[in-house]
Amino acid sequence: MDFELRRATEKLEKEQRDRKQRAKLKLDKERKVKQEAARQREAIEATQRQRRLDAAEAESKANQLAEESSLAGRGVMFSRILEAVPYQGIGDKIKLPPSCFTELSDQGAFDKGPLHFSLSLIRPEGAMHIDGGHEGTPRITHAGVLEFTVEEGFVALPQHCWSNLFPDEAPGSAAVEVRYVWLPKGTYAKLQTVEFGFSDIPNHKAVLETSLRQHATLSQGDLLIVNHGALTYHLRVLELKPSPSASVLETDIEVDIIGPESVDNSNQYMLRPLALGKSEQGVVEEGKYMYYKFSLDGETWERISSKDANVFVSLETQIQDGDTDLYVSRHPLLFPTQHQHMWSSHDLGLKALLLGAEDQNLGVGTYTIAVYGYKGTSKYEVSVNVQDVATQRVGQHSASSTSSGEVDTVECRNCKRHIPSRTISLHEAYCSRHNTICQHPGCGVVLRIEESERHVHCEKCSKAFQREEIEKHMKVFHEPLHCPCGIVLEKEEMVQHQSSTCSLRLITCRFCGDMVQAGRSADDARDRIRGLSEHESVCGSRTAPCDSCGRSVMLKDMDIHQIAVHQKN
């Protein structure tokens with residue numbers, strides 16, 4: 001009986017322990033559930049609190065951005081995100097959809113002066129910065145507006161804006177934020193050329209001014225494209241005042257231009273300095289040019305104009321490696337070519353040009369020498385010297401005195417020269433055995449018999465050459481050349497055509513200083529009498545204030561105004 005009681009007691013104690021254990025587990029579970037619920041409530045509250053903070057911060061940023069936009073736009077708040085597409089345009093004028101015109105007009109933007117916009121590239125979320133490899137500030141430039149004709153949702157960018165927003169390869173599609181801003185008028189700009197030689201352009205600041213007429217804005221860091229004839233130069237905007245972005249409309253800007261950080265000697269359109277009396281050596285490839293520049297100052301020109309000196313330009317080529325041609329021009333023709341030059345030499349071996357006071361194109365100024373690789377890769381040596389002609393005059397004078405003193409002379413029957421009568425027999429015997437006369441009409445040159453076989457005449461122009469020179473002469477002077485205007489001429493006629501009559505020839509405008517196509521004759525008969533080209537007739541119609549009276553006068557009438565009104569010569 002005690003055994004049963006003990007078993008019953010143990011069973012009861014066990015059941016009590018089990019109940020206590022289950023109760024403890026239940027309490028632990030309930031406590032964990034309460035703790036988890038509390039954590040979830042805290043997390044929810046933290047999330048909601050963070051959302052409220054983010055919303056407040058976003059609202060604050062939006063308000064700040066709206067305030068900045070309002071201040072930047074002088075009360076006009078306009079911002080659109082549009083897909084960028086390129087178009088072939090000059091300058092920085094963009095094209096916007098018609099709805100932008102309505103929105104800007106409703107806010108009175110057109111009453112506040114010229115429209116200026118900031119263009120910022122919108123990067124896809126998570127995209128890396130192009131330069132640094134991490135997220136950074138978006139690339140920004142500024143622009144004016146040309147018209148409101150583009151399809152809705154798009155903005156058309158000219159080459160200037162496109163290349164500054166996408167300096168590397170452009171993406172297939174890109175979003176650009178177009179925001180209306182007010183810009184102050186620029187007062188100072190510091191530019192740096194990328195290529196060497198921009199400062200060699202005569203009146204290069206006038207060329208830059210002409211290019212900037214196509215622009216409404218400038219932004220620090222932008223790359224400007226300046227076209228001058230067939231050449232293209234790039235200038236980086238390093239500094240602007242009074243702000244990093246400025247308007248260039250109806251304002252005078254002080255401009256400083258500095259050279260490139262490094263010189264690219266492989267660029268053929270580079271004027272290398274050549275001092276008088278010194279020579280330069282180099283190598284030129286077939287079909288390429290090497291350019292040099294030299295200058296004649298007032299003192300040197302005074303010697304030349306008084307016929308006391310001549311300019312001697314020489315080019316010596318190692319013909320076993322190849323052959324070259326020599327072309328010379330005077331500025332503003334910076335880079336002479338086969339068809340555009342003032343002087344040329346195509347001889348084999350040594351090329352030489354002797355320029356004197358009788359050359360109407362010679363004077364004080366800067367000149368360009370072009371070494372053209374005619375055949376193969378050629379080593380050459382080029383030089384410019386001012387030679388005194390006094391010694392030559394003395395020699396000529398003494399020779400003429402001697403010939404005038406010889407009165408008893410007889411003409412040689414073979415060479416037709418006048419020989420003293422006392423030696424005529426010996427001369428004729430020697431001359432008939434060793435010399436012969438060229439029988440070509442108009443030539444009559446006396447040649448050694450062994451050299452007469454190499455003496456030939458061109459079938460077209462009858463000029464005399466050595467036999468090895470005639471092939472090059474025919475190719476250079478008599479091969480038909482095609483002008484871009486459609487006319488076909490030989491070399492000498494083509495040079496004259498492209499320098500004086502071709503409508504596509506490049507001239508320097510006397511009003512803007514830029515190099516432009518001459519075009520047709522001016523429509524106005526008075527402009528034709530003045531010798532103005534089609535471009536100059538239009539460019540000269542711009543007005544400028546007279547320095548004496550301040551009256552606005554057309555540029556092409558300024559000289560007449562100065563004479564008629566102010567009696568200035």
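How each quantity is defined
- Residues numbered from 1 in each chain as written.
- Predicted model: local features only at pLDDT ≥ 70, side-chain atom pairs only at ≥ 80, totals over all residues.
- Heavy atoms only, no water.
- Helix = DSSP H or I, 4+ residues; strand = E, 2+ residues; numbered from the N terminus.
- Buried < 20%, exposed > 50% of the residue type's maximum accessible area, 1.4 Å probe, protein only.
- Contact = heavy atoms within 4.5 Å.
- Areas by Shrake-Rupley, 256 points an atom, 1.4 Å probe, with all protein chains shown as cover.
- Phe/Tyr/Trp six-rings, centres within 6.5 Å; stacked < 30°, edge-to-face > 60°.
- Lys NZ or Arg CZ within 6 Å of the ring centre and 35° of its normal.
- Pairing = 2+ DSSP bridges.
- Axes fitted to C-alpha atoms, helices over the stretch in contact; angles between N-to-C directions.
- Core = buried A, V, L, I, M, F, W, Y, C linked by side-chain atoms within 4.5 Å.

Asker: Quick rundown of the overall build of the chain? Include the residues and the values.
Answerer: Within the chain one finds 12 helices and 33 strands. Of all 569 residues assigned to the chain, the portion counted as buried reaches 36%. Summarising the internal contacts of the chain: among those between residues at least 6 apart in sequence, 63% fall at separations of at least 24. Of the roughly 34,000 Å² that the chain leaves accessible, carbon and sulfur atoms contribute 50%.

Asker: Lay out the packing of aromatic side chains in plain terms, naming residues and giving numbers.
Answerer: On inspection of all chains with the given rule, the structure shows 14 aromatic pairs. Geometrically, the ring pair formed by Tyr-292 and Tyr-380 is edge-to-face, given 6.3 Å between the ring centres and 80° between the ring planes. With Tyr-292 in strand β15 (residues 289-296) and Tyr-380 in strand β21 (residues 378-388), the pair connects residues that are 88 residues apart, well separated along the chain. Exposure remark for Tyr-380: the relative accessible area of 4% places this residue in the buried category. Sitting over the ring of Tyr-188, Lys-241 keeps its end group 5.2 Å from the ring centre.

Asker: Please provide a residue-by-residue account of the sheet that holds β15, values included.
Answerer: Strand order in this open sheet of 5 strands is β13-β15-β20-β17-β18, and the pairing throughout is mixed. Strands at the two margins of the open sheet, each flanked by one partner only, are β13 (271-273) and β18 (343-345). The mean inter-strand angle of the sheet, taken between neighbouring strand axes irrespective of direction, is 25°. The pairing of β15 with strand β20 (residues 365-375) spans 8 bridges and is antiparallel. Looking at β20, one finds that Tyr-289 is bridged to Tyr-372. Running over the sheet, helix α8 (residues 470-477) touches β17 (323-330) and β20 and is turned about 40° from β17.

Asker: I'd love a proper account of the nonpolar core, names of residues and values included.
Answerer: Core analysis: the biggest nonpolar cluster contains 28 residues, and Leu-191, Leu-208 and Leu-224 have the highest contact counts within it. When contributions to this core are tallied by element, the ones reaching two or more residues are β7 (188-193), α4 (204-212), β9 (223-228), β10 (231-241), β15, β20 and α8. The leading source of residues in this core is β10, at 5 residues. With sequence-adjacent residues up to four places away left out, Leu-208 is seen in contact with Leu-191, Phe-198, Leu-224, Val-226, Val-255 and Ile-257. Among the nonpolar cores identified, the runner-up in size contains 26 residues, and Phe-78, Leu-82, Leu-115 and Cys-161 belong to it.

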